[in-house]
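So the chains spell out like this:
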Amino acid sequence: MSYQVLARKWRPQKFEDVLGQELVTRTLQNAIRSGRVAHAFLFSGVRGVGKTTTARILAKALNCEKGPTPEPCGVCVSCNEIAAGNSIDVLEIDAASNRGIDNIRELRENVRYLTARDRFKIFIIDEAHMLSNDAFNALLKTLEEPPPHVKFILATTEHHKIPPTITSRCQQFDFKAIPFSLILSRLQSIAIEEGVEVSDYALRSMVSTAQGSMRDAQSLLDQTIAFCGKRISDADARALLGVADETLVVGLLDAVINKDRKKIVELMEQAQDGGIDAQNLCRRVIAHIRNLLVFRATAGEEKLFHLSDFEKEQTARQSSHFSEVDLIRFYDLLNRTENELRWNSHPFIHLEMALVKTVELARLPELEKIIDEFRKGGESDASRITPARAVTSSPPPSRKIPVNAPESKSAVVSDDVVRLPPFSERLLELAQKEALPLFSNLQHAQNISCWDGKVKIVFSSSDKIYHSLLSGADARQQLGNLCAKIVGTLPEIEIVVQDISVAPSKRNPVDDPKVKFFVEEFPGKIVVDPNIEDP
Ligand SMILES: [Zn+2]
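Each chain carries its own residue numbering, running from 1 in the written order of its sequence. Given that this is a predicted model, residues contribute local features only at a pLDDT of at least 70 and side-chain atom pairs are listed and counted only at 80 or more, while totals for whole chains, interfaces and linings are drawn from all residues.

## Quick look at the sheet that holds strand 5 (residues 171–174)
Phase 1 of the analysis: Here the rule is simple: two strands pair whenever DSSP picks up at least two bridges between them. By definition, any uninterrupted DSSP run of H or I lasting at least four residues is a helix, any uninterrupted run of E lasting at least two residues is a strand, and each is numbered from the N terminus. Reading across from one edge, 2-3-4-1-5 is the order of the five strands in this open sheet, with parallel pairing throughout. Since the sheet does not close on itself, it has two edges, and those belong to strand 2 (90–94) and strand 5, each with one partner. Going from strand to strand, the sheet's axes swing by 15° on average, the running direction of each strand aside. Think of each axis as a best-fit line through the C-alpha atoms, taken over the contacting stretch in the case of a helix, with angles from 0 to 180 degrees between the N-to-C directions.

## Observations regarding helix 10 (residues 214–228)
Phase 1 of the analysis: Multiplying 1.5 Å by the helix residue count minus one yields the expected span of that helix. An ideal rise of 1.5 Å per residue puts 21 Å on 15 residues; helix 10 measures up with 21 Å between its terminal C-alpha atoms.
Phase 2 of the analysis: In this scheme the burial state of a residue depends on its C-beta neighbours within 10 Å: 20 or more other such atoms mean buried, 12 or fewer mean exposed, and anything in between means partly exposed; the C-beta positions come from the backbone. Taken together, the buried positions of helix 10 are M214, R215, D216, A217, Q218, L220, L221 and T224.
Phase 3 of the analysis: Residues are defined as contacting one another if the C-beta atoms placed from their backbone atoms lie within 7 Å. Among the structural elements, helix 1 (6–9), helix 8 (180–193), helix 9 (200–210), strand 7 (231–232) and helix 11 (234–241) are those in contact with the buried residues of helix 10.

## Details of the sheet that holds strand 12 (residues 492–497)
Phase 1 of the analysis: One open sheet accounts for three strands, arranged 10-11-12; its pairing is mixed. In this open sheet, the two strands that pair with only one neighbour each are strand 10 (447–451) and strand 12. Mean inter-strand twist for the sheet, computed between neighbouring axes without regard to direction, equals 15°.
Phase 2 of the analysis: Here helix 21 (residues 464–471) sits on the sheet in contact with strand 11 (454–459) and strand 12, set at roughly 150° to strand 12.
Phase 3 of the analysis: Sheet strands in contact with helix 22 (residues 473–487) are strand 10, strand 11 and strand 12, and its direction is about 120° off that of strand 12.

## Quick look at unusual backbone geometry
Phase 1 of the analysis: Here the amide bond leading from G67 into P68 is cis, since omega sits at -5°, within 30 degrees of zero.
Phase 2 of the analysis: Tracing the backbone through its elements, the reader meets P68 in the loop between helix 3 (51–63) and helix 4 (77–84).
Phase 3 of the analysis: Within the chain, E127 stands out as a residue other than glycine whose phi angle is a positive 50°.
Phase 4 of the analysis: In this structure, E127 sits in the loop between strand 3 (121–126) and helix 6 (133–144).
Phase 5 of the analysis: Look at Q211: it is not a glycine, yet its phi comes out positive at around 45°.

Structure, rendered in structure tokens:
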């Protein structure tokens, strides 16, 4: 007997076996039960999530000798032929192939004739978005006046490419990506049935590489079995899938915690030598940062994770070293990096640089602590202040804001007093609590001030992307509401791009020890507001 690929061998034959699409299968079953079956369906969703499988099960349900029934028998001639793909009354057309177009022409002829044997003539059109305009027009004519014995099931991965004239005549179903845990348990049971011994790590790697596609996950298992036989180890999975080893991801984050740039470079070299894909590694790091963030936000509720024991342990340990703000910053930076990697000719170097940058981001100390120290009346010498850096044994306070300015004025530095910015601080704090996306943009502001009922937010020209992000109507309204919570009324909001220049001063503030301390701790620049008189 010839070898049958796992995805085909284990293809679900009943509605209840289709994983992760309960809403779709239940609706279809109810429609059959109540005798209200549409004459055309459009199944859309990413590849490998059960569209064609569900189409075939629906065809069986409609043409089963015992049907139409929500539970096709699976043993009658119709059911068997449909499952094998050779039923005379169920035609599967692959619109992506050249024959697809001819098939549609034939289809127009074909629909006029009655069925050969079964109740309905059913056309399953796969990759329907690939049909030409001619083919769509031909199809449309049939969809407009469908003969009662004809049913259409269109499947597509690109819903937006189907003309509205077609979609409006179909009952539409959206197939979701299948959750990690469902694919994992399915793969586990297939491995057991097939007598294959696969390490837990290897299975998890396959599932995460498949990104919600059951078929891809099963193909990966197929490939690994072809290479490794019936025993698949962690190392096999790493070698074959090119996936970033979780110890590598954890190691990289440890290097960020320890501000060890050298270690980052070493680990990245190791990864490159090991044949790991830079984009895959970047995605893994992003996923790990997301886990750290969720772990902090939910106080470690495990049900949110599909992690191995090792990953759980490391997530718990590492999460205490970062503030949520740090993690959001990392997440932003690496997400941008992941997009850039696609077009970058040196992806490893680009990713390495991004990781080194996260070290700088994590270096930003907790401003509140420093502010508190300064507010104590300047009795403390700057050198005595030990900023709590990223490495702390307990979770640090949730906020570390690098950007600040006083009400209406830029940071004022005098001999003993540093007057600090209540409004910008409060706005950021509120945004972090109530509007995280807004916060992630606001924190890039160079200056936020509120004066005379007017809020002014300044971005430097290198950050003008955040200016655009905040300038949309929705963002502005949200921003207005937040400001109103602080100042009591809806203020006028001005968001500008402006590079604030350093003005000459009688006394150079750079010589001030406290300023020196700030400059050393914050990778930023000193800005002196020319409107402020030197005290
Ligand atoms: Zn049957």
